[in-house]
Amino acid sequence: MLKLKKYFLFLFLVAIFPSCSEPDYELFNGPSGYLEDLKGKWLVVNYWADWCPPCIKEMPELEEFLNENEEKVNVLAYNFDDLEGEDLQEQIIRFKVNIPSILTDPSDLFGWERPPSLPATYIVDPSGVTKEVLIGAQTRLSLEEAIAKYK
């Protein structure tokens, strides 16, 4: 009977421990999450900075792309300068970054090299495989075309 109790305690702990683990990523003014949560939809991750005029120019396009494809795509912005807190909030407001901002460096999450230039946009398929890295300002249409190539 004691062995049976230990067995059930072991199963209980195995079931509970994964739910107690630290999240993989954190969103600015949003929830934290796990990479598994991002699977099932296309993921577009955009690196940007305030000193990059094309980055600022493409923000409305990224927002429009997300709004028109929300059911099948997640879009995240990452500040290349690693800003957080009030500094990041100020930049988000000033440059109208109206897409979710991830605080965790995507290169750490996905094993990517940090982009050599900006803006850089990573396209990840619904199973979590990185398909393409787009360098330069993107438009709603260019993002839709990038994803359509892999369907």
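Since the model is a prediction, treat every value here as computed from it, not as a measurement.

**Some remarks on the packing of helix H3 (residues 53-69) against helix H6 (residues 140-148)**
Right, on to step 1. Direction vectors running N to C along H3 and H6 enclose 55°, while the axes themselves pass 8 Å from each other. Relative to H6, H3 is oriented oblique. Note on element contacts: H6 touches H3 through Arg 140, Leu 143, Glu 144 and Ile 147, opposite Glu 61, Leu 62, Glu 64, Phe 65, Glu 68 and Asn 69.
Right, on to step 2. Broken down by class, the residue content of the contact of H3 with H6 amounts to four nonpolar, one polar and five charged.

**So, helix H4 (residues 85-94)**
Right, on to step 1. Leu 88, Gln 91 and Ile 92 are the residues of H4 that are buried. Buried residues in H4, looked at end-on, bunch into an arc of 100°, giving them a common side. Opposite the buried face of H4, by more than 90 degrees, sit the exposed residues Glu 86, Glu 90, Ile 93 and Arg 94.
Right, on to step 2. In the core, the buried residues of H4 are packed alongside strand S3 (42-48) and strand S4 (73-79).
Right, on to step 3. Looking at the residues trailing H4, positive phi occurs at Lys 96, about 55°.

**Here we look at the state of the cysteines**
Right, on to step 1. Scanning all chains against the criterion turns up one disulfide.
Right, on to step 2. Here Cys 52 is linked by a disulfide to Cys 55, with a sulfur-sulfur distance of 2.3 Å. Here the S-S torsion is close to 80°, and the disulfide linking Cys 52 with Cys 55 is therefore right-handed.
Right, on to step 3. Residue Cys 52 is classed as buried on the basis of its relative accessible area, which comes to 4%.

**Some thoughts on the nonpolar core**
Right, on to step 1. One finds Val 44, Tyr 47, Trp 48, Val 97, Ile 99 and Ile 123 to be the most contacted residues of the largest nonpolar core, which totals 41 residues.
Right, on to step 2. Mapped onto this core, the elements with two or more residues apiece are S3, H3, S4, H4, strand S5 (120-124) and H6.
Right, on to step 3. With six residues, the top contributor of residues to this core is S3.
Right, on to step 4. Contacts of Val 44, omitting those with residues within four sequence positions, involve Phe 65, Val 73, Asn 74, Val 75, Leu 76, Thr 121, Tyr 122, Ile 123, Leu 143 and Ile 147.

**Some thoughts on the pattern of salt bridges**
Right, on to step 1. Enumeration over the complete set of coordinates arrives at eight salt bridges.
Right, on to step 2. Put simply, Lys 39 and Glu 36 hold a salt bridge, and the shortest N to O gap is 3.2 Å.
Right, on to step 3. The partner of Glu 68 in a salt bridge is Arg 140, and the shortest N-O contact between them spans 3.6 Å. Of the two residues, Glu 68 sits in helix H3 while Arg 140 sits in helix H6, which places them 72 residues apart along the sequence.

Cut-offs applied
- Residues numbered from 1 in each chain as written.
- Predicted model: local features only at pLDDT ≥ 70, side-chain atom pairs only at ≥ 80, totals over all residues.
- Heavy atoms only, no water.
- Axes fitted to C-alpha atoms, helices over the stretch in contact; angles between N-to-C directions.
- Helix = DSSP H or I, 4+ residues; strand = E, 2+ residues; numbered from the N terminus.
- Parallel < 35°, antiparallel > 145°, perpendicular 65-115°, else oblique.
- Contact = heavy atoms within 4.5 Å.
- Nonpolar A, V, L, I, M, F, W, Y, C, P; charged D, E, K, R; others polar.
- Buried < 20%, exposed > 50% of the residue type's maximum accessible area, 1.4 Å probe, protein only.
- Arc of directions from axis to C-beta.
- Disulfide = S-S within 2.5 Å.
- Core = buried A, V, L, I, M, F, W, Y, C linked by side-chain atoms within 4.5 Å.
- Salt bridge = Lys/Arg side-chain N within 4 Å of Asp/Glu carboxyl O.

So far we have only geometry, and geometry alone does not tell us how the molecule works.
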